[in-house]
Amino acid sequence: MKKLINLPDRVVEEALAGMVAAHGDLLRLEEPNVLVRRDAPHQGRVGVISGGGSGHEPMHGGFVGRGMLDAACAGAVFTSPVPDQMLAATKAVDGGAGVLHIIKNYTGDIMNFELAAELAQAEGTEVASVVIADDVAVQDSLYTAGRRGVGGTVLAEKIVGAAAEEGADLQAVKALCQRVQDNARSMGMALTSCTVPAAGTPTFELSDDEMEIGIGIHGEPGRRRVKLASADEIADMLVAPILEEGVFARGDSVLAFVNGMGGTPLIELYVVYRKVDEILRARGIEIARNLVGSYITSLEMAGTSVTLLKLDDEMTRYWDAPVHTPALRWGV
Amino acid sequence: MKKLINLPDRVVEEALAGMVAAHGDLLRLEEPNVLVRRDAPHQGRVGVISGGGSGHEPMHGGFVGRGMLDAACAGAVFTSPVPDQMLAATKAVDGGAGVLHIIKNYTGDIMNFELAAELAQAEGTEVASVVIADDVAVQDSLYTAGRRGVGGTVLAEKIVGAAAEEGADLQAVKALCQRVQDNARSMGMALTSCTVPAAGTPTFELSDDEMEIGIGIHGEPGRRRVKLASADEIADMLVAPILEEGVFARGDSVLAFVNGMGGTPLIELYVVYRKVDEILRARGIEIARNLVGSYITSLEMAGTSVTLLKLDDEMTRYWDAPVHTPALRWGV
Amino acid sequence: MPITTPDLAGAFRLFGERLAEERDALTRLDQAIGDGDHGINMDRGFQAVLGSLPTFLDDGPGALCKQVGMRLISTVGGASGPLYGTFFLRMGTAMGTAEKLEPVELVAALRAGLEGVIQRGKAVPDDKTMVDAMRPAIEALEVSVGGDWQEALASAACAARQGRDRVTPLVARKGRASYLGERSTGHQDPGATSTTILFESLHDALATIS
Amino acid sequence: MPITTPDLAGAFRLFGERLAEERDALTRLDQAIGDGDHGINMDRGFQAVLGSLPTFLDDGPGALCKQVGMRLISTVGGASGPLYGTFFLRMGTAMGTAEKLEPVELVAALRAGLEGVIQRGKAVPDDKTMVDAMRPAIEALEVSVGGDWQEALASAACAARQGRDRVTPLVARKGRASYLGERSTGHQDPGATSTTILFESLHDALATIS
Ligand SMILES: Nc1ncnc2c1ncn2[C@@H]1O[C@H](COP(=O)(O)OP(=O)(O)O)[C@@H](O)[C@H]1O
Ligand SMILES: Nc1ncnc2c1ncn2[C@@H]1O[C@H](COP(=O)(O)OP(=O)(O)O)[C@@H](O)[C@H]1O
Ligand SMILES: [Mg+2]
Ligand SMILES: [Mg+2]
Ligand SMILES: [Mg+2]
Ligand SMILES: [Mg+2]
């Protein structure tokens, strides 16, 4: 295991300490492992929190700040945080107008957030929650854990955070978040596996001429293992199932998000973006906004994911709104 | 070789096409492989250009835009661009007030920029140049190629670009760039090698328990190969030789830049930043500004570099000035 | 002979020690069809439990179980944290304030724990989860608790193992393993494996009691 | 028998073909003490040269060499682009407008090319660069050009090889290999190796001329 770490058990704490050291103007750290916007809570405004296992940096802690998240809970690597964290985060950002929980659809995340919401509500804080489940690699079914929450989460946090910043109320913020969820679809792939620090060995093994299509963000194996292909073929394999969903049609404006999994350099992401742009152009779908970079990662995994979000005017306006966080910043 | 690419020979062209597709609001592409700020040239203002081999993304193309570079020349992977490129870039950004060439100190870069400057001057454009040579891993000697230009380049491009944006003249811009160069020092290391696409095999081999200390940004072997160490030990190994230079003293304000080499995820960079912060604090050196992320990379190499820049008021002001490029953005 | 708080604490201690031993094996199972952390999660949680165990002994087995459950909820995370946490919490609630437990009371508490797990995780039989080891183990206890206690515990451990192995060929329908669809077949479920270790620990620690 | 433009073009074509064959070997040498692109760079440049070669044949050997040099400068990049580019440019300038070259004129042009390389790259002997193969090759030609032309070319190629190998044990002091300091010893210099191929190609293509 080749990583820039000290003790495997200390990675999350030390990375959080580094984040607060670097971004003390934006963030503060609260026990247990919760990054809170420095000036939270804001009286009269909805608080927006999220959280999940660590190893996906900059998500979620890198999105705490003005116009995005008010707090983020960092679990152990690839392990949902515990309810104590979401409860602490909820209380820290509660300005009396309620708190939205943005939850990625994983069994653990759902259950831990649920427990926290029960506790917070018992203490008098109004909590609403939206579950992000945008990964088309997974069959959508009532009888399974359902689709995973992946790239759409980043977009939801930005758009919803902007609405909360502008003073939208809890119902409006929740409805907007649900609309982002309903209009976002993602698909990812991996060229290499990743190693959970405390495990010490790669989660799976891929030989030199193989890749995993339909991978999640926790090193969980994908939909299928196939022979290595070119960037253009891979872009096709990711975009095709997204378009098959029937959410995106000729004439639509979308936000296209080409994400790196952590070990893939930017030069390759732009090679992929070029092809995604070409595919969508040929379908008469306009990329009105885009995001290219490693924003929701899987430790040092090499690979990429594509997320498309069908934009409406309100979403576009909130996407463009000022944001100032460690990882996303514009307009300020 | 596991990469998101099509033909190895087409990587640079396709990545540039992707960049322009994604950032057409900021950039345009000119032959041969030159990214130019969309609204260049600016009459009466100094143009600032840089360039170098590809494989270091986002440097340099990701730094073209308002308040940073006016143009960037993308060479083949790890190979300095050809003079035709620097000449085209120089002409594209020439607003009558002269053009600054920011050159990383590599034999090839120096010679190709020199040829281009001769040609541009013959065509009537005033050209000044500053050579960045901040890598303390290399002995500084008149009798060799001298120190490499690494992380300090990113900081110089930001600070100098802001000065040019504000209308500083060529002499002032050049002097400022030289001051950044003189006050910046860097040191890097690698956990893994990288593979030049056209070569197809890793530039060097490291076994599972080894790392290279004093690595450059082209996969060139480092100062020494040692046993794998912890993040804290590595931070020490990088910061110690920088501090030995005698540039940084108790009471100084510095910009600390913890950079990822391309294959290292952000979580690890924050673990390193935490220790760098601790080391400097113990020395009475204040980190007044910081930058944490993968900004000058070596393809998919895993590893990190640390750059320290001794700040003065002017540098700090230009660092804080608005910038809007694909990779760095604030204040706008 | 009824089961005392220290008896139960001893069983939990043994479970924690076994989890530490099986940490890497459990993690490897989770690498195959999950995200490679089940052993790490369980070990982290039970390290915390064992560290606090001496302070949990003052108020009877119900309070012990509740505190174990809360500690797990606060330290494990993931799917197994709320599930095992709820299991022990509900066991504690079922035990009430009794100072000691007859075997039949322990079995009733285990049943309450199981119901809590099902309520929280909504797993049905053959979803290939910890429930597929937990339910047969508790059912075995329920039918045999009237007889020899040692044999009852042995049959529970055996039923857990059988349940765990019975679902190995199935397609997972809950938790991360469900993302794999058909590819999850043939892999042993990590949670069913840790549950089996729980019932083995109960056997090894409590069989000698009465 | 003097050397014509097509003769020289044939030599350059052979050099380009050899570079394509040796592309990976040159790159491997550069991986050891540089950045692993020398073969790729030279091959890219000479692919471009060979593609345009037919259009370079109209105006005598001087114009041919100049155009080869300009093409290399525009396509190679790195250290070797300006260096080899300058080499051919200066050769072309030295040849002037002559339609054909006596061997002694070619040797004088090679000397001018070498001076250009030294001026541009500032390498001194034993810096472990292409100059350490180029200089002895040209010196060998200068002493032997009055005699048998075939033997003169053979001695140049041999001197290039010797020069290349002589500096292998040395510490590099120019180019990227200099970053390695002591670690550069024992490695053969990529640029000295491509220069050796140049002189071998001149021998193989031009020895049969006169
Ligand atoms: N809905 C559920 N109901 C019951 N058990 C479940 C459920 N989902 C997952 N599990 C159990 O949890 C185990 C995985 O736990 P763990 O790896 O610690 O959590 P995570 O999946 O969050 O990483 C699975 O092997 C399975 O037995
Ligand atoms: N200053 C110099 N003078 C002469 N030759 C040099 C000089 N610097 C480098 N070289 C030659 O260039 C070769 C490397 O070329 P190449 O790999 O194509 O360029 P780069 O080093 O820019 O990647 C070296 O092996 C050496 O022979
Ligand atoms: Mg997990
Ligand atoms: Mg090179
Ligand atoms: Mg797991
Ligand atoms: Mg080279």
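Draft legend 1. Structural view of helix H1 (residues 5–33) of chain C. Over its 29 residues, H1(C) extends only 37 Å from the first C-alpha to the last, a length that falls short of the 42 Å expected when each residue adds 1.5 Å. Along H1(C), the helix axis deviates most sharply at C:Glu22, where the bend reaches about 60°.

Draft legend 2. Quick peek at the packing of aromatic side chains. Residues and elements named next belong to chain C. Taken as a whole and assessed by the stated rule, the structure comprises 14 aromatic pairs over all chains. The interplanar angle of 65° and the centroid separation of 6.2 Å between the aromatic rings of Phe 46 and Phe 88 together place this pair among those described as edge-to-face. Taken together, the positions of Phe 46 in helix H2 (residues 38–52) and Phe 88 in helix H4 (residues 80–95) put the pair 42 residues apart, joining distant regions of the chain. Following the ring pairs from residue to residue traces out a cluster consisting of Phe 12, Phe 15, Phe 46, Phe 87 and Phe 88.

Draft legend 3. Quick look at the coordination of the magnesium ion (ligand 6). All names here are of chain D. On the protein side, the magnesium ion (ligand 6) has Asp 30 (OD), Asp 35 (OD) and Asp 37 (OD) as donor atoms, found 2.1 Å from it. Between consecutive donor residues of the magnesium ion (ligand 6), the sequence gaps follow D-x4-D-x1-D. Between the magnesium ion (ligand 6) and the magnesium ion (ligand 4) the interatomic distance amounts to 3.5 Å, and Asp 35 serves as a bridging ligand to the pair. Judged on exposure class, the residue Asp 30 and its partner Asp 35 are both buried.

Draft legend 4. Structural view of the relation of the copies chain A and chain B. Superposing chain A onto chain B requires a rotation of 180° together with a translation of 0.0 Å along the rotation axis, leaving an RMSD of 0.0 Å. These values place the two chain copies in the arrangement generated by a two-fold rotation axis. For chain A, the minimum C-alpha distance to the rotation axis belongs to A:Gly263 and amounts to 2.0 Å. Same-surface contact between copies: 100% of interface residues of chain A are shared with the interface of chain B.

Draft legend 5. Structural detail: the site of ligand 2. With respect to spatial proximity, 21 residues lie near ligand 2, and among them D:His38, D:Ala79, D:Ser80, D:Asp189 and D:Gly191 are the closest. The site occupied by ligand 2 is bordered by residues of chains B and D. D:Ala79 is positioned such that a nitrogen or oxygen atom in its backbone is 2.9 Å from an oxygen atom of ligand 2. Interatomic distance of 2.9 Å between a backbone N/O atom of D:Gly191 and an oxygen atom of ligand 2. Protein chains bury 96% of the 560 Å² of accessible surface belonging to ligand 2 in isolation. Partitioned by chemical class, the residues of the shell around ligand 2 number six nonpolar, nine polar and six charged.

Draft legend 6. Main features of the domain arrangement of chain A. All names here are of chain A. Domain assignment breaks chain A into domain 1 (8–183) and domain 2 (184–318). With centres defined by C-alpha atoms, the gap from domain 1 to domain 2 works out at 22 Å. Between domain 1 and domain 2, the contact holds 36 residues from the first and 40 residues from the second. The junction of domain 1 with domain 2 conceals about 3,000 Å² of combined surface from both sides, 61% of it contributed by carbon and sulfur atoms.

Draft legend 7. Quick look at the layout of surface pockets. Computed from the structure, the second largest pocket encloses a volume of approximately 1,300 Å³. What lines the second largest pocket is a set of 40 residues, and nearest its centre among them are A:Thr192, A:Ser193, A:Glu300, B:Thr192 and B:Ser193. Classifying every residue of the lining of the second largest pocket by side-chain character gives 16 nonpolar, 12 polar and 12 charged.

Draft legend 8. View of the site of ligand 1. Near ligand 1 there are 21 residues, and of these C:Asp35, C:Ala79, C:Ser80, C:Asp189 and C:Gly191 occur at the shortest range. Flanking ligand 1 are residues from chains A and C. Between an oxygen atom of ligand 1 and a main-chain N or O atom of C:Met130, the distance comes to 3.0 Å. Contact with the protein chains covers 96% of the free accessible surface of ligand 1, which is 560 Å². For the shell around ligand 1, the secondary-structure elements that each account for two or more residues are H2, H4 and helix H8 (190–206) of chain C. The element best represented in the shell around ligand 1 is H8(C), accounting for three residues. Grouping the constituent residues of the shell around ligand 1 by class yields six nonpolar, nine polar and six charged.

Draft legend 9. View of the packing of helix H6 (residues 131–144) of chain D against helix H7 (residues 149–166) of chain D. Residues and elements named next belong to chain D. It is the contact of H6 with H7, at a shortest axis distance of 7 Å, that shows an interaxial angle of 155°. One element, H6, and the other, H7, form an angle in the roughly antiparallel class. Crossing handedness for the pair H6 and H7: right-handed. Of the residues in H7, those touching H6 at Asp 132, Ala 133, Pro 136, Ala 137, Ala 140, Leu 141 and Ser 144 are Trp 149, Ala 152, Leu 153, Ser 155, Ala 156, Ala 159, Ala 160, Gly 163, Arg 164 and Arg 166. By residue class, the composition of the contact of H6 with H7 is 11 nonpolar, three polar and three charged.

Draft legend 10. Summary view of the interface of chain D and chain B. Opposite the 30 residues of chain D that make contact, chain B presents 39 residues. Between chain D and chain B, a total of about 2,600 Å² is buried, with carbon and sulfur atoms accounting for 52% of that surface. Inspection of the region where chain D meets chain B yields three salt bridges. Between D:Arg183 and B:Glu212 there is a salt bridge, with its nearest N and O atoms 2.9 Å apart. Contributions of two or more residues to the side of chain D that touches chain B are made by helix H1 (5–33), helix H2 (38–52), helix H3 (60–75), helix H4 (80–95) and helix H5 (103–121) of chain D. Classifying every residue of the side of chain D that touches chain B by side-chain character gives nine nonpolar, 12 polar and nine charged.

Draft legend 11. Structural detail: the environment of C:Gly85. All names here are of chain C. In this fold, Gly 85 is placed in helix H4. Separated by 17 residues in the primary sequence, Gly 85 and Val 68 have C-alpha atoms spaced 7.4 Å apart. Discounting chain neighbours no more than four positions away, the residues touching Gly 85 are Gly 69, Leu 72, Ile 73 and Ser 80.

Draft legend 12. Fine view of the sheet that holds strand E5 (residues 99–104) of chain B. Residues and elements named next belong to chain B. Taken in spatial order, the six strands line up as E1-E2-E4-E3-E5-E6 in an open sheet, and their pairing is mixed. With one partner strand each, in any of the chains shown, strand E1 (27–30) and strand E6 (127–132) form the two edges of the open sheet. Averaged over all adjacent pairs, the angle separating strand axes in this sheet is 25°, with direction ignored. Across five bridges, the pairing between strand E3 (residues 47–54) and strand E4 (residues 71–77) is parallel. In the strand pairing of E4, Ser 50 is matched with Ala 72. Contacting E1, strand E2 (34–37), E3, E4, E5 and E6, helix H2 (residues 83–93) crosses the sheet at an angle of about 165° to E4. Along the sheet, helix H3 (residues 107–122) contacts E3, E5 and E6; its crossing angle with E5, the most-contacted strand, is approximately 165°.

Conventions we followed
Residues numbered from 1 in each chain as written. Chains lettered and ligands numbered in written order. Predicted model: local features only at pLDDT ≥ 70, side-chain atom pairs only at ≥ 80, totals over all residues. Heavy atoms only, no water. Helix = DSSP H or I, 4+ residues; strand = E, 2+ residues; numbered from the N terminus. Expected span 1.5 Å × (residues − 1). Bend = angle between axes of the 7 residues up to and from the residue. Phe/Tyr/Trp six-rings, centres within 6.5 Å; stacked < 30°, edge-to-face > 60°. Donors = N, O, S within 2.8 Å, 3.2 Å for Na, K, Ca; no water. Buried < 20%, exposed > 50% of the residue type's maximum accessible area, 1.4 Å probe, protein only. Least-squares fit on C-alpha atoms with pLDDT ≥ 70 in both. Contact = heavy atoms within 4.5 Å. Near = heavy atom within 4 Å. Polar contact = N/O pair within 3.5 Å; in protein donor to acceptor, adjacent residues only side chain to side chain. Areas by Shrake-Rupley, 256 points an atom, 1.4 Å probe, with all protein chains shown as cover. Nonpolar A, V, L, I, M, F, W, Y, C, P; charged D, E, K, R; others polar. Domains from an automatic or database assignment. Buried area = accessible area lost by both parts, 1.4 Å probe. 1 Å grid on protein atoms, 1.4 Å probe; cavity = no way out; pocket = protein on both sides within 12 Å on 5 of 7 lines; lining within 4 Å. Points joined across faces, edges and corners; volume = space filled by probe spheres on them. Axes fitted to C-alpha atoms, helices over the stretch in contact; angles between N-to-C directions. Parallel < 35°, antiparallel > 145°, perpendicular 65-115°, else oblique. Left-handed = near helix turned anticlockwise from the far one by under 90°. Salt bridge = Lys/Arg side-chain N within 4 Å of Asp/Glu carboxyl O. Pairing = 2+ DSSP bridges.

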